[in-house]
Amino acid sequence: MQFRDLKKQYQILKTDMDEAVGRVLTDGNFISGYQVEELEKQLAQYVGTKHCITCGNGTDALSLALMVWNVGQGDAVFVPDFTFFASGETPAYRGAVPVFVDVEEETFNLSPASLERAVLKVKEEGKLNPKVIIAVDLFGQPANYPEIRRIADQYHLFVLEDGAQGFGGRIGERRACSFGDISTTSFFPAKPLGCYGDGGAIFTDQDKWAELLKSYRVHGKGKDKYDNVRIGVNSRLDTLQAAILQVKLRAFEEYELDAVNQAADRYTQKLREVVQVPHIREGFYSSWAQYSILLNDENIRDSLQSYLKEKGIPTMIYYSKPMSRQTAFREYDCVKVELPVTEQLCRRVLSLPLHPYMELEEQERVIGSIKECLKTV
Ligand SMILES: *Cc1c(COP(=O)(O)O)cnc(C)c1O
């Protein structure tokens, strides 16, 4: 059994995929081929923003957004304590201080109450300038943007939506990657919409920021890449990945997102009586980057993981360590807030195999094995 079955996906998309890839190889337009701009238009339309600017990966997408706002030394950037490293790494790389904020147990996403406490604490200490909230759509569910926006407006902060795991999610009719002042996503192969290598994208409604992003991603270009008007980076989505994503986006829209939601619902129906299942907020819709359950404690979690492994069922622990306790952040301890929820999630969380091509019978095997194991502990 595969945790996320990309081989099966390729077998189903093979005819279209081989044709799309073959066209790039025949044309030889490996950088900035027409497929890149076509894809940007399709992605912006899908998400519902004015602009989409593709780039090399989801981490660069975050960095580029922070460059646009000139985030750096002396700035505080609020980041959930329970996320992938890149969400905290990128503000630190720019010279800013990441201030880690606790999450909610039910949704795994940023806790607005903890966020507000952290903002007030930074203001009270008076050493840093509170500047950006990086809100993460963890495991596919959008963060609580109505509340986050209220706090951002009150304290004059930018919202950067890290939608690396959230592409395809919604609040009401509004799609993920449209909630930030700038929003980003990743096309790493295992994300909800993945390519066959690294890739990322940035979304915004602001013309001025879109122009800056297009310049920063190609060496701070002016008229062209040999006219350099600012210091930038080299971070482009290549044509092959754009062509691959055009094929995948079609499947994602037509049936993959529905299929993965049906599979997630099946887990929830059958597992809710034995473990704590993920909670999707009223009116929210997840793209299910991960299906993560909570066990009562670390011992039960670890023995369940070994039991499933013996049965050939792969699982993952996202995440086993809070951001605030990563070695790399040891020196960034100038603003401390309580992070009790993240601490216990790291000990209790377990992510199950889930993808749009999962067979009913495979899922029954996962469910049956979990029930069997928990009977005995
Ligand atoms: C994967 C991920 C990223 C980084 O994306 P890459 O394309 O791997 O650089 C950033 N934030 C979150 C929450 C992620 O899950």
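Quick caveat: nothing in here was measured; it's all calculated off a predicted structure. (Residues numbered from 1 in each chain as written. Predicted model: local features only at pLDDT ≥ 70, side-chain atom pairs only at ≥ 80, totals over all residues. Heavy atoms only, no water.)

## Considering the site of the ligand
Piece 1. In the vicinity of the ligand, 13 residues are found, and the nearest of them are Gly58, Thr59, Asp162, Ser186 and Lys191.
Piece 2. A distance of 2.5 Å separates an oxygen atom of the ligand from a polar atom in the side chain of Thr59.
Piece 3. Starting from 380 Å² of accessible surface for the ligand in isolation, the protein chains cover 92%.
Piece 4. Going through the elements one at a time, helix 3 (58–68) and helix 4 (86–93) are the ones with two or more residues in the shell around the ligand.
Piece 5. Here the shell around the ligand is built from residues that sort into four nonpolar, seven polar and two charged. (Near = heavy atom within 4 Å. Polar contact = N/O pair within 3.5 Å; in protein donor to acceptor, adjacent residues only side chain to side chain. Areas by Shrake-Rupley, 256 points an atom, 1.4 Å probe, with all protein chains shown as cover. Helix = DSSP H or I, 4+ residues; strand = E, 2+ residues; numbered from the N terminus. Nonpolar A, V, L, I, M, F, W, Y, C, P; charged D, E, K, R; others polar.)

## Overview of a nonpolar patch on the surface
Piece 1. A surface patch of nonpolar side chains, about 290 Å² in accessible area, is lined by Leu25, Phe30 and Ile31.
Piece 2. With respect to the secondary-structure elements, Phe30 resides in the loop between helix 1 (6–27) and helix 2 (34–47). (Patch = residues over 30% accessible without salt bridge, like charges linked within 9 Å, V, L, I, M, F, W, Y side chains within 5 Å. Salt bridge = Lys/Arg side-chain N within 4 Å of Asp/Glu carboxyl O.)

## A short note on helix 6 (residues 145–155)
Piece 1. Every buried residue belonging to helix 6 is among Tyr145, Ile148, Ile151, Ala152 and Tyr155, and all of these are buried. With its buried residues spanning 125 degrees around the axis, helix 6 presents them on a single face.
Piece 2. Residues of helix 6 that are buried sit in contact with helix 5 (112–125), strand 4 (129–136), strand 5 (158–162) and strand 6 (170–171).
Piece 3. His156 lies just past helix 6 and shows a positive phi near 55 degrees. (Buried < 20%, exposed > 50% of the residue type's maximum accessible area, 1.4 Å probe, protein only. Arc of directions from axis to C-beta. Contact = heavy atoms within 4.5 Å.)

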